[in-house]
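# Analysis of the macromolecular model
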Amino acid sequence: MSQFHPTKNLKNSAVIAYLAALDHLKLVAPEIADQIVAELQDQRRSLKLIASENYSSLSVQLAMGNLLTDKYCEGYPYHRFYAGCEHVDAIEQRAADLAKQLFSADHAYVQPHSGADANLVALWSILIQRVQQPGIEKLSKKNLDELSVDEYEQLRQLLNRQTLLGLSLHSGGHLTHGYRHNVSAKMLRAVSYDVDPKTQLLDYGRIAEIARKEKPLILLAGYSAYPRLIDFAKMREIADEVGAVLMVDMAHFSGLVAGGVFKGVHHPIEYAHIVTSTTHKTLRGPRGGMVLCKNEFADAVNKGCPLILGGPLPHVIAAKAICFQEALASDFKDYAARIVKNSQALAEGLMKRGLKVVTNGTDNHLVLLDLTELPLTGRQAELALREIGVTANRNMVPFDTKGPWYTAGVRLGTAALTTRGMGPDQMDHIAHIIHTVIRNLKPATIEERGKLSLARYILDEAIAIRARSMVSELLEHYPLYPELKIEER
Ligand code: PLP
C-alpha cells in the first residue's frame, strides 16, 4: 500500500516519481526513508539561512536517482578508459555545453564531485600548464614517463615551491585557498592577503604589493564569507603584472553570475584564466563542482582524472545539466536579483535594530553578523538560533580572535529563502526575530570552572517560545515543496 502518494497528486509526474521512490525506500530500508522524510520536515519547519545551501528542484533531485550511478567512465566525453560510455558521453557533453553557454566560457569540465575537488583540479592544471622544468619543454605524459626517479623528485620539489596567493580564512577565503590545514597549503607555498582591517574590504593596492613581493604562480580570488563585489579586472591586472595565473573560485556566487547580477568587471569569466564553482549554492543544482577555463588550460583540466579524481558520477552530471538548463531560463535572472535584494533587506533590518554586520551591508547573497562587541560567540548564536528554528552557521569575521570553532560571527545567506518565495518584508521580519534572540542571549557559566562558556547559553524560555512561534507563522505562508503532500508527524 502506498505510504506517501495519495491519488490527488497523480497529475504531476515529478511528484509521483518522488513519492513512489520514498514509498519504495520505506519498504526496503525504513530507517533510511524515515530519515529522509524527517529531514524534509525539519527543513520545512526551519528558516534556512545557511549561505552555502539552497533547495534544488525535484527535477534536479530525480535526475540523480537512476542507473547512471552504476556507470564508470574515466576520461572525458568521447575519450574514455571504459567501454559502453556512449550515453554518458552525450550527457556529459550536454552538461558541459550548457555550462559554457550559461557562463560564456571557452571550456567547461563538469566532473568534479565537489567544490574542493574542482579547486584541486584547477590548481594542478595550472601547475602542469605553467611550471617549466629546466630541460623539459612541457609536462606531457611522455615527458613525465621518461623522467628518472631523481629527475621526477626534482620536478616534484619544483612544483612544491610554487606560490599560491589567496584570501585568508578569517577574511572570508575558503579552506582550499591555502589554509594551513588544507592540502592546498601543503602542496604549495601558500601566502594570503587579508581584507583591510578598518573597511573590511579588499584592498587591491595592498594585494598588488603582496603579489609583487611574493611572486605567486597563482592569484586566487573568491570567497566563502565576503559580502561584497570583487573587481576581477583589477585582480587580473595584478596577476598580469607579476606573471601569475588568475584563478577565481565562484562557488558561492555562481548563481549571481549566471543570473546576470554580477556583470562587467564583476563577472569573472572574461578576466580569469580559470574559474571553479560548486553547483549547489546560489546556482541551486546538485551537490558538485566544475571548472571553466580558457582554451589554454582545457587539455590539462580534462585530465582531472587521473590527476585528482577517480571515476566521474554520471548521475550527478545529469543533474548538473538540469541545473544549467534551469539557470538558463529567464526566471532565474529574476531569482538571482531577488537573492541580493533580500540579503540587502536582511542586512538593513539587522543594522537598524543595532546589530553589526561586516562592511555595513552586502552586495551579494550573504550577510556576516559581527558579534565581536557582544559577550557571545558565533557558536552560542548558532545554537540559540537553531533552537528557535533558524538554521545558520557560525563563521569567523575579519581578524577574528575566537578561532574557527567558536568564532565571533554568524553567516546568513538568502538563496534558500528566496527560492521559497520570501521577499524583503519577510527579511525584515527575520531580522527582528534574530535580533530578539541575540539581544536576549547570554553565555552560561560553567560552574565547575567558574568561567563563562563559549558554547552554552541562556535564553529566556518565554522569548524562545515567542521567537519560535514567529518562525512557524512565517513559514506557514512559504511551504517547502508544497506539491509533496507528506503529512507532518
Ligand atoms: N570553494 C568555496 C569558496 C566554498 O565556499 C566551498 C564550500 O563551501 C568550496 C569551495 C568547497 O565546496 P565543497 O563543499 O563542494 O567541496
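This one's a predicted model, so the numbers in the text were calculated from it and none came from an experiment. (Residues numbered from 1 in each chain as written. Predicted model: local features only at pLDDT ≥ 70, side-chain atom pairs only at ≥ 80, totals over all residues. Heavy atoms only, no water.)

## Some points on the site of the ligand
Selection rule: Whether a residue is near a molecule or strand depends on its heavy atoms: it is near if one of them lies within 4 Å of it. Two N or O atoms form a polar contact when they lie within 3.5 Å of each other; inside protein one atom must be a possible hydrogen donor and the other a possible acceptor, and for residues adjacent in sequence the pair counts only when both atoms belong to side chains. Note on areas: Shrake-Rupley with a 1.4 Å probe; residue coverage comes only from the protein chains shown. Helix and strand assignments come from DSSP, with helices taken as H or I runs of at least 4 residues and strands as E runs of at least 2, each series counted from the N terminus. Throughout, the ten residues Ala, Val, Leu, Ile, Met, Phe, Trp, Tyr, Cys and Pro are labelled nonpolar, Asp, Glu, Lys and Arg are labelled charged, and all others, Gly among them, are labelled polar.
Around the ligand lies a shell of 13 residues, among which Gly 115, Ala 116, Ser 224, Asp 249 and Lys 281 are the nearest. Here an oxygen atom of the ligand sits 2.8 Å away from a polar atom, N or O, in the main chain of Gly 115. Side-chain polar atom of His 252 to an oxygen atom of the ligand: 3.3 Å apart, as the coordinates give it. When the free accessible area of the ligand is taken as 390 Å², the share hidden by the protein chains comes to 84%. Ranked by residues supplied to the shell around the ligand, first place goes to helix H5 (residues 115-130) with 3 residues. Of the residues that constitute the shell around the ligand, the class distribution is 3 nonpolar, 8 polar and 2 charged.

## A look at the domain arrangement of the protein chain
In plain terms, the rule: The split into domains, and so the bounds of each, comes from an automatic or database assignment of domains. Working rule for contacts: check all heavy atoms of both residues, and any pair within 4.5 Å makes them a contact. Accessible area that two parts lose when put together, evaluated with a 1.4 Å probe and summed over both, is termed the buried area. Any Lys or Arg side-chain nitrogen located within 4 Å of an Asp or Glu carboxyl oxygen qualifies as a salt bridge.
Each assigned domain of the protein chain is listed here: domain 1 (9-44), domain 2 (68-131 + 162-327) and domain 3 (330-475). A separation of 29 Å is found between the C-alpha centroids of domain 2 and domain 3. Every contact between the two is made by 29 residues of domain 2 and, on the other side, 28 residues of domain 3. Summed over both sides, the interface between domain 2 and domain 3 buries roughly 2,400 Å², with carbon and sulfur atoms accounting for 62% of that surface. Contact with domain 3 buries surface across domain 2, with His 170, Pro 227 and Arg 228 losing the most and accounting together for 27% of the total. Run the count over domain 2 and domain 3 and you get 1 salt bridge. Across the contact surface, domain 2 and domain 3 share 13 residue pairs in polar contact (both at pLDDT 80 or more).

## Some remarks on the nonpolar core
Let me state the cut-off plainly: As used here, the term nonpolar core means buried Ala, Val, Leu, Ile, Met, Phe, Trp, Tyr and Cys residues forming a set that is joined through side-chain atoms within 4.5 Å. Partly exposed describes any residue whose relative accessible area lies between the buried limit of under 20% and the exposed limit of over 50%, with all areas from a 1.4 Å probe on protein chains only and scaled to the type maximum.
Ranked by size, the top nonpolar core spans 63 residues in total, and within it Phe 103, Tyr 193, Leu 219, Met 235, Leu 283, Leu 292 and Phe 324 carry the most contacts. Domain assignment of the residues forming this core places at least three in each of domain 2 (68-131 + 162-327) and domain 3 (330-475). Once residues lying within four places of it in the same chain are set aside, the contact partners of Tyr 193 are Leu 165, Gly 166, Leu 167, Ser 168, Leu 202, Ile 207, Ile 210, Leu 219, Leu 220, Ala 221 and Met 235. Counting residues in hydrophobic clusters, the runner-up holds 53 residues, among them Leu 58, Leu 369, Leu 385 and Tyr 478.

## Thoughts on the pattern of salt bridges
Under the counting rule described, the total for this entry stands at 21 salt bridges. Close ionic contact of Lys 213 with Glu 214 constitutes a salt bridge, the shortest N to O distance being 3.3 Å. Residues joined by salt bridges that share partners form a network here, namely Arg 80, Asp 89 and Glu 92.

## Considering the side chain of Lys 281
Just so we agree on the cut-off: Think of it this way: Lys and Arg go in the positive column, Asp and Glu in the negative one, and His and the chain ends go nowhere.
Along the chain, the position of Lys 281 falls in the loop between strand E9 (274-278) and strand E10 (289-293). Although buried, Lys 281 forms no salt bridge, and the nearest oppositely charged side chain, Asp 249, lies 7.8 Å from it. Not counting residues up to four positions away in its chain, the partners in contact with Lys 281 are Ser 52, Asn 54, Ala 251 and His 252.

## A closer look at the packing of helix H15 (residues 331-352) against helix H19 (residues 424-439)
Describing two packed helices takes the angle between their axes plus the distance from one axis to the other. For the record, the criterion: Working convention: axes come from line fits to C-alpha atoms, limited for helices to the stretch in contact. Angles between N-to-C directions cover 0 to 180 degrees. Working rule for handedness: look at the near helix, and if it is turned counterclockwise from the far one by less than a right angle, call the crossing left-handed; if clockwise, right-handed.
The interhelical angle for the contact between H15 and H19, taken along N-to-C directions, is 35 degrees, at an axis separation of 8 Å. Helix-helix and strand crossings are classified by hand; for H15 and H19 the assignment is right-handed. Counting all contacts with H15, which are made through Asn 342, Ala 345, Leu 346, Gly 349, Leu 350 and Lys 352, the residues of H19 involved are Pro 424, Met 427, Asp 428, Ile 430, Ala 431 and Ile 434. Looking at the contact of H15 with H19 residue by residue, the classes come out as 8 nonpolar, 2 polar and 2 charged.

## Brief notes about the sheet that holds strand E7 (residues 218-222)
Short version of the rule: The rule for pairing is simple: two strands pair if DSSP sees at least two bridges between them.
The mixed open sheet is built from 7 strands, whose spatial order is E4-E10-E9-E8-E7-E5-E6. Each edge of the open sheet is held by one strand with a lone partner, namely strand E4 (107-109) and strand E6 (189-193). Strand after strand, the sheet turns through a mean of 20 degrees between neighbouring axes, direction not considered. Where E9 and E10 come together, 5 bridges link them in antiparallel fashion. From the neighbouring strand, Ile 274 faces E10, where its bridge partner is Cys 293. Along the sheet face, helix H9 (residues 204-214) touches strand E5 (163-167), E6 and E7 and points at about 160 degrees away from the line of E6.

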